[in-house]
Structures are given as structure tokens and as C-alpha cells.
Amino acid sequence: MKTSNAVLMQMALESLKGNWGIAIGTSFLYAVIVGVTPLGPVVGPVAAIIIGGPLLLGYSIFLLSYSRGENAELSQLFKGFNWFGKSLGAYLLMTIYVFLWSLLLIIPGIVAAFKYAMTFFILADDPTLSADMALKKSKEMMYGYKWKLFFLGLRFIGWFLLCILTLGIGFLWLIPYINVSSAKFYEDLKSDMLV
């Protein structure tokens, strides 16, 4: 992987420059749906699991479009429902794998989460893949790069603390910044795999 995390973050800022509105709006809507759905009585947690995968796939489609300078639209958030079974399968498998590794201790669960972190970007790029194949490709792609992704996340800690000082308002900007940086990470990793 050729590009440093600092450069990936700078590239994400360049993508966001002048286009924060759609990124903030889509990220906010995604967070609200994912955050509110589990609160519903009786079926809330089940509904959250059922829509979690399709929404994450749609959000990943949006982030890749945004990162690539393509026409990113709010409606892309719901595109994952076009591949409902596949996205639900990937979401369930990923959740189960991370949970099972977490039973060994917290650290193996965290490592598993990083191992499968690219799954939905991979599916967004190629929705013809099976859920299991997308997880397998993510595992292969992240081999040797889990620490790099971990350190990318650490670079946002200062921003996270500043957002707390703004009574959470700063998260409206931070969440898209983090997620577009993750999309840039995926793009760089993918280009490295093609070489």
C-alpha cells in the first residue's frame, strides 16, 4: 500500500471540499436509521439486523461514489436493498465471525472486525459476489494492513475529542470525514492488489 494515512485523509478532505452537504445529510440519515431502528418495541432489534446489511451496502456505494468524484446521491443509501439477501448474508456472517472471535477475548474480535472491514466496499464494487466470497476477499485484502487501518482510526481521536467539546455537533462533519477516508483506504488497497 503506497499511500500514507495522512495523505489518504488529505485526499478525503479534498473530496469533501465544497460538497459537505450531501455527505453530512446522507451520513446523518444513515446514523439516524441505524440508531433508531433497534429502539422499536419487540421487533426493533430484529428489524435493525434485517436492514443493517442493505443500509451498510447502500452507504458503501454512496461513499465510493463520493470518494471517486462520481455523482453521489442520497438515494444510493437505499440501493443495497437491490441485493437484500446478499447484503443481509454478509452482515450476518460478519457479525457472527466477529462475535465468535470475541468469545476468545476482546483483541481477537477487534482483529476480526478489521479483517472483514472492506467487505461492504467489495460488495459495492461487485454486487455479483456472494456474501461469503466478499468476506473472503476482505480477509485476503486486509492481510498485512489491519494495523494500518487501526492507525488510520487513531488519527481521528483528536477530532473526536473536539467534537465532544462542540456538544456533538462536530460529529456531523467528522463522521463523513472518517468514512470517506475509509473509502480512500479501500481504493488505495484495491489499486495495490491489482499491481
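Please refer to the structure higher up on the page.
Values in this document were obtained by computation on a predicted structure and should not be read as measured data.

For the rest of this paragraph, the subject is the overall build of the protein. A count of helices and strands for the protein gives 10 helices and zero strands. The linear arrangement of helices and strands in the protein, starting from the amino end, is α-α-α-α-α-α-α-α-α-α. The C-alpha atoms of the protein give a radius of gyration of 16 Å, which matches the 16 Å a tight globule of 195 residues would have. Overall size of the protein, expressed as C-alpha extent along the three principal axes, is 40 × 40 × 35 Å. In the protein, which comprises 195 residues, the proportion classed as buried is 42%.

Attention now goes to the packing of helix H5 (residues 106–115) against helix H8 (residues 146–154). Taken N-terminus to C-terminus, the directions of H5 and H8 make an angle of 95°; their axes are 9 Å apart at the nearest point. As judged from the angle between their axes, H5 and H8 are roughly perpendicular. Every residue of H8 that contacts H5 at Val111, Phe114 and Lys115 is listed here: Lys146, Leu149 and Phe150. Counted by class, the contact of H5 with H8 contains four nonpolar, no polar and two charged residues.

Here the focus is the pattern of salt bridges. A complete count under the given rule lists three salt bridges for this structure. Its salt-bridge partner being arginine 68, residue glutamate 187 comes within 2.4 Å of it at the nearest N-O pair. Taken together, the residues span a long stretch of sequence, with glutamate 187 in helix H10 (residues 171–194) and arginine 68 in the loop between helix H3 (44–67) and helix H4 (84–104) at a distance of 119 residues. Residue arginine 68 is classed as partly exposed on the basis of its relative accessible area of 32%. One salt bridge in this structure joins lysine 190 and aspartate 125, with 2.8 Å as the shortest N-O distance. Of this pair, lysine 190 sits in helix H10 while aspartate 125 sits in helix H6 (residues 119–125); the two residues are 65 residues apart in sequence, bridging distant segments of the chain. Salt bridges sharing common partners tie together Arg68, Asp125, Glu187 and Lys190.

Reading the values: rules and limits
Residues numbered from 1 in each chain as written. Predicted model: local features only at pLDDT ≥ 70, side-chain atom pairs only at ≥ 80, totals over all residues. Heavy atoms only, no water. Helix = DSSP H or I, 4+ residues; strand = E, 2+ residues; numbered from the N terminus. Rg over C-alpha atoms; globule rule 2.2 N^0.38 Å. Buried < 20%, exposed > 50% of the residue type's maximum accessible area, 1.4 Å probe, protein only. Axes fitted to C-alpha atoms, helices over the stretch in contact; angles between N-to-C directions. Parallel < 35°, antiparallel > 145°, perpendicular 65-115°, else oblique. Contact = heavy atoms within 4.5 Å. Nonpolar A, V, L, I, M, F, W, Y, C, P; charged D, E, K, R; others polar. Salt bridge = Lys/Arg side-chain N within 4 Å of Asp/Glu carboxyl O.

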